[in-house]
Amino acid sequence: ELRSRAMASRVGDPLAAATAETGHNANVLIVEDRRSSAERLAAALGQYHCVETVATPQEALERVKAGDYDVVLVSLDLDGHDGLRLCSQLRSLDRTRTVPVVMMADPHDRARIMRGLDLGVHDYLVRPIDRNELVARVRTQVKRRRFSHSLRESVQVSMDLAVTDGLTGLHNRRYLDSYLGGLFSEPSLRDRPVALLILDIDRFKSINDRFGHDAGDEVLREFATRIRAQTRGIDVVARFGGEEIVVVAPDTGLDAARQVAERIRERIEAAAFQVQRGTSTIDVTVSIGVAARQPEDDDPAQMLKRADLALYQAKQAGRNRVVA
Ligand code: GH3
Ligand code: MG
Ligand code: MG
Ligand code: MG
């Protein structure tokens, strides 16, 4: 057990506030079975963080489900285990999906690194791992995670039925409005970059007409699931209207948001939607409007308007595209 100090990680705590600023004093889990490598990583990060090391995916999952980690580093070269599978599990389990994951891989392993990024893994390090790069990348993930915590707490909305959409399980409009309001009214958040995506299924009325309203509902649920799989834990995904979904991405600029949107667009188009227990297969495409907060924005309305205009342009230009 390498964890030496019990770190306070709650927002409102002076230590946590300092951590949010510096990205230090975090809880880091290293999943690495090469002893010398694990020791080197722990020594480098141990100067700034509480570090624990485990050697197998099973142990890693147990720890992450039970504990409060800010970052998990996963070796893709575990003996007899699939590190990528662990990354995928960490990204998909409700209990763990908000924890940033960083892969560690050999340079010849580009293909698996790419697959990991596709799975939503946040970052990666190529061996031999440079000490400074290691520290910097971990710090970035810690800051991002702490920022999202403070975001949620300062906005003061809880996950309950009043703020959850019954069909998709996403946040509802009410949550979205409250969250967006917080981003603009909370002094500590006002200067942060924020991006917003509005996603609208193309020709959804004709899907309802051809396959029925229940099949349409199934498409909406799968649409929501695919969007969630392509976004980070800290992004807020909300049902905006009938078949429109909004993604709010904190600490994200316009270019990065455009890339996220393009990735989602591809994922919707790439595989047909199976509905009615696999008896119907429906090709679905989505149009996406993207906007980023601008310094002169006083409230969310302007940003929403720009995203909505971009969506309109995407529809006008022929659908199945991203406009930012
Ligand atoms: P486009 O966006 O490409 O312009 O065409 P569209 O056919 O998707 O047009 P529009 O966005 O105006 O229509 C959305 C349709 O979505 C209208 C409504 O019948 C349907 N819809 C809205 N909410 C639901 C829902 O909860 N379930 C189902 N099945 N359909 C819904
Ligand atoms: Mg619509
Ligand atoms: Mg519309
Ligand atoms: Mg539509």
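Here the structure is shown first, and the text comes after it.
A. Main features of the sheet that holds strand β7 (residues 236-239). Across the sheet, which stays open at both edges, the five strands sit in the order β7-β8-β6-β11-β12 with mixed pairing between neighbours. Lying at the two open borders of the sheet, with one neighbouring strand each, are β7 and β12 (322-323). Here two bridges tie strand β11 (residues 286-292) to β12, and the two strands are oriented parallel to one another. Within β12, the position partnered with glycine 289 by the bridge is valine 323. Its contacts with the sheet place helix α9 (residues 213-229) against β6 (194-201), β7, β8 (244-250) and β11, and it is angled at close to 150 degrees to β6. Lying over the sheet, helix α11 (residues 300-316) contacts β6, β11 and β12, oriented at roughly 145 degrees with respect to β11.

B. Structural view of the pattern of salt bridges. A full pass over the atoms with the stated rule returns 22 salt bridges. Among the ionic pairs, arginine 34 bridges to aspartate 77, the shortest N-O distance being 3.8 Å. Here aspartate 77 lies in the loop between β3 (71-75) and α4 (83-92) and arginine 34 lies in the loop between β1 (27-31) and α2 (35-46), a separation of 43 residues in the sequence. Note on arginine 34: relative accessible area 35%, which makes it partly exposed. Its salt-bridge partner being arginine 192, residue aspartate 251 comes within 3.3 Å of it at the nearest N-O pair. Of this pair, aspartate 251 sits in the loop between β8 and α10 (254-270) while arginine 192 is found in the loop between α7 (173-185) and β6, placing the two residues 59 residues apart along the sequence. By relative accessible area, arginine 192 is classed as partly exposed at 29%. When salt bridges that share partners are traced, they join Glu32, Arg34, Asp77, Asp82, Asp106, Asp109, Arg112 and Arg127 into one network.

C. Fine view of α10. In this model α10 runs 24 Å from its N-terminal to its C-terminal C-alpha over 17 residues, within 8% of the 24 Å that 1.5 Å per residue would give. At its buried positions, α10 is contacted by β6, α9, β9 (273-275), β11 and β12.

D. Quick look at the layout of surface pockets. One number sums up the size of the second largest pocket: a volume of about 420 Å³. Residue lining of the second largest pocket: 22 residues in total, with His122, Arg144, Arg232, Val260 and Arg263 positioned closest to the centre. Counting residues per element, the lining of the second largest pocket draws most heavily on α10, at five residues. When the residues that make up the lining of the second largest pocket are grouped by side-chain class, the tally is seven nonpolar, eight polar and seven charged.

E. Spatial organisation of the site of ligand 1. Around ligand 1 sit 16 residues, and of these Asp200, Arg203, Asp217, Arg239 and Arg319 come closest. A distance of 3.1 Å separates a nitrogen atom of ligand 1 from a polar backbone atom of histidine 213. Summarising the interface, the protein chains cover 71% of the accessible area of ligand 1, which totals 650 Å² for the free molecule. Elements represented by at least two residues in the shell around ligand 1 include exactly β6, α8 (204-211) and α9. Among the elements that take part in the shell around ligand 1, α9 stands out by supplying four residues, more than any other. Taken together, the residues that form the shell around ligand 1 break down as three nonpolar, four polar and nine charged.

F. Fine view of the side chain of arginine 232. Mapped onto the fold, arginine 232 is located in the loop between α9 and β7. A polar side-chain atom of arginine 232 sits 2.9 Å from the main-chain carbonyl oxygen of proline 250.

Calculation rules
- Residues numbered from 1 in each chain as written.
- Chains lettered and ligands numbered in written order.
- Predicted model: local features only at pLDDT ≥ 70, side-chain atom pairs only at ≥ 80, totals over all residues.
- Heavy atoms only, no water.
- Pairing = 2+ DSSP bridges.
- Helix = DSSP H or I, 4+ residues; strand = E, 2+ residues; numbered from the N terminus.
- Contact = heavy atoms within 4.5 Å.
- Axes fitted to C-alpha atoms, helices over the stretch in contact; angles between N-to-C directions.
- Salt bridge = Lys/Arg side-chain N within 4 Å of Asp/Glu carboxyl O.
- Buried < 20%, exposed > 50% of the residue type's maximum accessible area, 1.4 Å probe, protein only.
- Expected span 1.5 Å × (residues − 1).
- 1 Å grid on protein atoms, 1.4 Å probe; cavity = no way out; pocket = protein on both sides within 12 Å on 5 of 7 lines; lining within 4 Å.
- Points joined across faces, edges and corners; volume = space filled by probe spheres on them.
- Nonpolar A, V, L, I, M, F, W, Y, C, P; charged D, E, K, R; others polar.
- Near = heavy atom within 4 Å.
- Polar contact = N/O pair within 3.5 Å; in protein donor to acceptor, adjacent residues only side chain to side chain.
- Areas by Shrake-Rupley, 256 points an atom, 1.4 Å probe, with all protein chains shown as cover.

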